[in-house]
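Architecture and fold: a report
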Amino acid sequence: MAVLVAANFALPALHLILWSAIGLTSVAAILTGVHLHKPRRRAPWFLLAGAVASFITGDLIADVLTLVLDRRGFPSVADAFYLAVYLLIAAAMVGLIRMGVARRDPNGLYDAVTVTAGLGLLSYIFLIRPYVEDPALSVLEKGISIAYPLADILVLAVGARLITAVRRGSALLLLAAGGIGLLSADVGYGLKQLNGVWETGGPVDLGWATFYVLWGFAALHPSMRELTEPKVHRAGEEHFGRLIVLGLSLFIAPCVLYFEMRGGEVHDATVIAGSSVLLSGMVLLRLGRAINVQRRAAQRERRLRRAGAALLMATDEPGVTATVRTAIAELLPLGRPHRVVLAPRSDPGYTGEPAGATGGAVSMPYTRKLDASLAEELGDFEVTLCCPLAPVEGRESGRALYVAADEVTLVGVQEAAQILATQAALALERIALGEEIGRRNSEAYFRTLVLNTADVILIVGDHDQIRYASPSARALFGSDELDGTPLPMAFAKESVVEVDRRLHELRTRGVDRPGEDLRVVGADGRPALVEATFRDLRGEPTVGGVVVTLRDVTERSRLQAELYQRATFDALTGLPNREVFLGRVQEAVSSGAESGATVGVLIMEVDDFKVVNDTLGHGAGDALLVAVGNRLTEALRAVDGSYGAAGTVARLGGDEFAALVRRAGSAADVERVAEKVLASFATPFELPHGEVTATASIGVATTAEAADAQDLLRHADLAVYVAKDAGKDRWRRYESSLHSAVVERHKLRADLDRAIADGAFLLHFQPIVAIGDARTHGFEALVRWNHPTRGMVPPAEFISVAEESGLIVPLGAWVLRNAVEAAAQWRLLHPGEDVYVSVNVSARQFRGREQGFARWVLDEIDRMGLPPASLLLEMTESLLLHDDGEVAAELAALREAGVRIAIDDFGTGFSSLSYLRRLPVDVLKLDKSFIDTIASSAEQHAVVDMIVQLAVILQLQVVAEGIETAAERDLLVTMGCHLGQGYLFSRPLSYGDASQWLLEEASGLQRGSRTAA
């Protein structure tokens, strides 16, 4: 579809064919997504497919009439298909709202109506009224012309309701983005039609293309299935952004009235009044809803307290169950059919293992997927709410409260049912403890305790036959009727010889020498380990035999093995840990020293592993680490014997792995192993979260340069560092010069620390000018370091060191403080010039101050008397995309105060249309790599032109970096890019030269070529 869209705009002569292909491909994508993912309800998706099909049918008819038959008549058959699109979309969205809600939130409906009413007023004024007042249109033409904006309002209303009602997901966001594209294109088309300038192939078509592409993508995305799946709702809070949108909607009507009064005549008094009444009504309904929610919460709390008191009085499990059923009936709407069952857990995904202190998560499984007997007891309801009973004192109850009803009812009772489940668990535990105390106070209980001790007691006669077995033998052997059975025969075959030995030594020497634990096979066929004690009591008249005491130590042995596993192996990957690896490397080094073999160590780190965690989540990161461990093991197994005996693969921590080559013929063989391991990463990793491509940096060290295991690991670590610094996805072998390079880098860091303390930096300013007339709009502040012995250190060298060490925080503070001071001085010297200063900031700066980065910045500009709008903060796309609540809050505070935000080096990171709409940015700075080839590459020219046009649509300012030729400047002007910087205009200037630059510009003098020292 992307290819078709690009071809459509590039080849306008084939618009009819390509545009139809785009729409039909979108329909095919939606139907394919429904077939692949099989959502719970398919009707809404078929309606969406029908809407897209109707839209492209209308486009095809309209294009044939206008382009082929040269008929411009209005209305036409195409209008019927166009209008049907909006009815189908509205029906589909209503279906998604009714079938796949995570909650029933009337506030969402009120908010949707509020936003729609405000935007509807604007639609009436700018799109509907011109048609109503046009005397040249017939009644039918007016009706159809008005129907289009009304249909857009209808889609906007149900779309807003869908977004507020359904849990966010990728498919929903894609549908929303596609819908925005459709509505934006419709508005643009309507405005162009009113002005009589509509042409096919313009920017408006991009909105419709977005609609086709994103709706097809939404259906193909696996999250589309979640839109209609039953979900557990977690109560959320009102989002500040949502309240801002509502507030802005309420101000639309007063603003329209104000501007019409300023114009001298109020044209739309009736419509404005009606809109104001509707908006006021929505506000009152919202307030009433808040009061009603508070009242219902208080009522629910009273009922839960009443249920808690009743549970305190319950004396048995049936009483607890009856109380819970009564409480659920009171919490549900009156007369609503439902079933309540308190039973052992059988919901999908439950394994019986302890689930932690919360007792497991509340879920809403399909009733048919539960245990057959439980499903029959719950009735014919489609879904059931499962609230696990919380464990008490670390003991898993293994039980749950099941409530079956219609899905909407279950959404409303989820939190109350979970509270009831917790109270029921406590009541059942209290009852069980009461019964336990009763048993402990009973004399019969103590006799039973003696007879049923966990240890098994056997008395063996002179012929090694069992004469007596305590009742606890049944639990171990499956039977307590062991009389007459030879003792060795009661054990597993592998323990028979050991039992014979111990009996013989006890009878002949009077000494029991325990060996390994003995094995028995129980009635269920499961083996068990027992700790045995043999005592010769043949001389005791009351016993007259050998007493054998057996204690089941199966669980203890398992725990010991598990503790050993945890102490020596990585819990995630199952690979040996650093301590085990170090020991095996030392063994290999000692063995190699005797045999003359070369021992090699490979240390591997996954490149950009943090990006996987940040974008796909830590679950995907863990899965990738497991897959990397398996891939590394397979790679070494494949080369075992080819270049030396491959040894241990270990995980040293984080994304760092290590491999041992035990016996290589030479260091070159170890290098070949590194090449094979690196090549194994060429194949993408298949994870549950999808396919992931990952590369690795590998450091190699051999005993040719190291004497022991510690040296090998240290050398390999240094080699990894060099591999990463060289660009990643490669291997490097340790050389003695590497140590010098690392020492040199540490020295540079120490010098940088001193330079920051001494303020030994320079600040240069590169003008940001209007490309057309070279008028200065601002300066970018650039830090320079003139080292006393190294000379001018390139920023690329010391900025990376500052980032790694955290020194970027004080360095960035120095740059920003001095840049703000310079901008304030320029405003005093040139009051008529509205010049801003642009400063680069790092992610570390947002977390480097106790009072908050935003507060500090605002204090600095306030101290210098600089208006917030005169400061532009540049940051990378990765910082803006990182899901960090702290950074987002700081950016919001800065933008609210008036400070502008720019994306630096745009296009070199994670650039996409979707994130540009949601990121808090004002300016895009095009990277120099885009500008360098726009005059020589048609493809690069098209890319830059598309970015500029996209920024115009999104109301973002574009600054082109690195303009060096007049040809580049002229092309950018034709594209609509107004601002730029580069050597064509000026190199970075010192503060004095920048001040002279502004003075010459203000005086109208011809500026000379200035460069910074």
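So, how was this worked out
Residues numbered from 1 in each chain as written. Predicted model: local features only at pLDDT ≥ 70, side-chain atom pairs only at ≥ 80, totals over all residues. Heavy atoms only, no water. Helix = DSSP H or I, 4+ residues; strand = E, 2+ residues; numbered from the N terminus. Buried < 20%, exposed > 50% of the residue type's maximum accessible area, 1.4 Å probe, protein only. Contact = heavy atoms within 4.5 Å. Pairing = 2+ DSSP bridges. Axes fitted to C-alpha atoms, helices over the stretch in contact; angles between N-to-C directions. Phe/Tyr/Trp six-rings, centres within 6.5 Å; stacked < 30°, edge-to-face > 60°. Lys NZ or Arg CZ within 6 Å of the ring centre and 35° of its normal. Core = buried A, V, L, I, M, F, W, Y, C linked by side-chain atoms within 4.5 Å. Expected span 1.5 Å × (residues − 1). Arc of directions from axis to C-beta. Polar contact = N/O pair within 3.5 Å; in protein donor to acceptor, adjacent residues only side chain to side chain. 1 Å grid on protein atoms, 1.4 Å probe; cavity = no way out; pocket = protein on both sides within 12 Å on 5 of 7 lines; lining within 4 Å. Points joined across faces, edges and corners; volume = space filled by probe spheres on them. Patch = residues over 30% accessible without salt bridge, like charges linked within 9 Å, V, L, I, M, F, W, Y side chains within 5 Å. Areas by Shrake-Rupley, 256 points an atom, 1.4 Å probe, with all protein chains shown as cover. Salt bridge = Lys/Arg side-chain N within 4 Å of Asp/Glu carboxyl O. pLDDT = per-residue confidence, 0-100.

1. Side note on the overall build of the chain
Within the chain, the regular secondary structure consists of 34 helices and 24 strands. Residues counted as buried form 46% of the 1013 residues belonging to the chain. Here the contacts in the chain between residues at least 6 apart in sequence split such that 67% fall between residues at least 24 apart.

2. Let's talk about the sheet that holds strand β6 (residues 518–521)
Spatial strand order, β5-β4-β8-β7-β6: five strands in an open sheet with antiparallel pairing. The open sheet has two free edges, formed respectively by β5 (466–469) and β6, since each of these has just one partner strand. Put simply, the sheet's adjacent strands are angled 35 degrees from each other on average, direction ignored. As defined by bridge partners, strand β4 (residues 456–460) adjoins strand β8 (residues 545–552) across five bridges and the pair is classed as antiparallel. From the neighbouring strand, Val456 faces β8, where its bridge partner is Leu550. Running over the sheet, helix α17 (residues 496–509) touches β4, β6, β7 (527–537) and β8 and is turned about 10 degrees from β7.

3. Here we look at unusual backbone geometry
You will see that Ala774, though not glycine, has its phi angle at about 60 degrees, which is positive. Within the secondary structure, Ala774 sits in the loop between β16 (762–770) and β17 (776–787). For Ala774, a relative accessible area of 23% translates into the label partly exposed. Of note in this structure, Gln955 is not a glycine but carries a positive phi near 60 degrees. One can find Gln955 in the loop between α32 (938–953) and β23 (957–960).

4. Some details on the packing of aromatic side chains
This model, assessed by the stated rule, comprises 17 aromatic pairs. When the centroid spacing of 6.0 Å and the interplanar angle of 50 degrees are considered together, the rings of Phe761 and Trp814 count as tilted. With Phe761 in the loop between α24 (736–758) and β16 and Trp814 in helix α26 (residues 808–829), this pair connects stretches of sequence that are 53 residues apart. Among the aromatic side chains, those forming a connected cluster through ring pairs are Trp19, Phe55, Trp208, Phe211, Tyr212 and Trp215. Its guanidinium or amino end placed over the ring of Tyr836, Arg900 lies 4.6 Å from that ring's centre, counting from NZ or CZ. When the ring centre of Tyr983 is taken as reference, the NZ or CZ atom of Arg987 above it lies at 3.9 Å.

5. Observations regarding the nonpolar core
Counting residues in hydrophobic clusters, the biggest one holds 77 residues, and the most contacted among them are Leu752, Phe761, Phe765, Val839, Leu871, Leu873 and Leu972. Among the elements that line this core, the one with the most residues is α26, at twelve residues. Residues Tyr86, Met93, Val158 and Ala218 belong to the second largest nonpolar core, which totals 45 residues.

6. Points about helix α12 (residues 317–331)
Compared with the 21 Å implied by 1.5 Å per residue over 15 residues, the 21 Å span of α12 between its first and last C-alpha is a close match. Within the sequence span of α12, burial applies to Val320, Thr321, Thr323, Val324, Ala327, Ile328 and Leu331. Mapping the buried residues of α12 onto a view down its axis gives an arc of 165 degrees, with all of them on the same face. Capping the start of α12, Asp316 holds a side-chain oxygen 2.9 Å from the backbone nitrogen of Gly319, two or three residues further along.

7. Some thoughts on the pairing of strand β19 (residues 836–840)
Most of β19 is tucked away, with four of its five residues classed as buried. Strand direction decides the pairing type here: β17 and β19, joined by three bridges, are parallel. In the sheet register, Phe779 faces β19, and the bridge partner there is Val837. Here β19 runs beside strand β20 (residues 871–875); their pairing, made up of four bridges, is parallel. In the strand pairing of β20, Asn840 is matched with Glu874.

8. Examining empty space enclosed by the protein
If you roll a probe as big as a water molecule over the atoms, it shows you where there is empty space left. Going through the model one piece at a time under the given rule, you end up with two cavities of 30 Å³ or more. Taken as a whole, the second largest cavity holds about 30 Å³ of empty space. When residues of the lining of the second largest cavity are traced back to their parent elements, those giving at least two are β9 (598–606) and β11 (656–664). Examining the composition of the lining of the second largest cavity, we find that three residues originate from one element, β11, more than from any other.

9. With respect to a nonpolar patch on the surface
Residues Leu250, Val283, Leu284 and Leu287 make up a contiguous nonpolar surface patch of about 350 Å² in total accessible area. Looking at the nonpolar patch, the element that brings in the most residues is helix α11 (residues 269–313), giving three residues. Checked against the element boundaries, Leu287 lands in helix α11.

10. Regarding the confidence of the model for the chain
Per-residue pLDDT for the chain averages 80, and the proportion of residues at 70 or more is 80%. Ranking the elements of the chain by mean pLDDT puts helix α15 (residues 443–451) last, at 50, and strand β24 (residues 979–980) first, at 95. A low-confidence stretch, residues 355–359 (pLDDT under 50), is modelled with twelve contacts involving residues beyond four sequence positions or located in other chains. Scored below 50 in pLDDT, residues 1009–1013 makes 16 contacts in the model with residues more than four places away or belonging to other chains.

11. A few points about the sheet that holds strand β3 (residues 399–404)
Spatially, β1-β3-β2 is the arrangement adopted by the three strands of the open sheet, whose pairing is antiparallel. The strands lining the two open edges of the sheet, one partner per strand, are β1 (339–344) and β2 (384–388). Adjacent strand axes in the sheet meet at a mean angle of 20 degrees, parallel and antiparallel pairs treated alike. Two elements, β2 and β3, share five bridges in a ladder whose sense is antiparallel. The residue of β3 that forms the bridge with Cys386 is Tyr402. Against the sheet, α12 engages β1 and β3, with an angle of about 145 degrees to β1.

12. Digging into the side chain of Glu505
When you line up the elements, Glu505 lands in helix α17. Setting aside chain neighbours within four positions, we find Glu505 in contact with Gly510, Val511 and Arg513.

13. Side note on the environment of Gln955
Residue classification places Gln955 among the exposed positions, given a relative accessible area of 73%. Taking the C-alpha atoms as reference, Gln955 lies 8.0 Å from Asp922; in sequence the two are 33 residues apart.

14. Looking at the pairing of β17
Across the twelve residues of β17, ten count as buried, placing the element largely inside the fold. The pairing of β16 with β17 spans eight bridges and is antiparallel. By the bridge assignment for β17, Pro767 is matched with Phe779. Hairpin geometry of β16 and β17 is characterised by an intervening segment of five residues between the two adjacent antiparallel strands and by a positive phi of about 60 degrees at Ala774. Hairpin connection of β17 to strand β18 (residues 791–793): three residues between the antiparallel strands.

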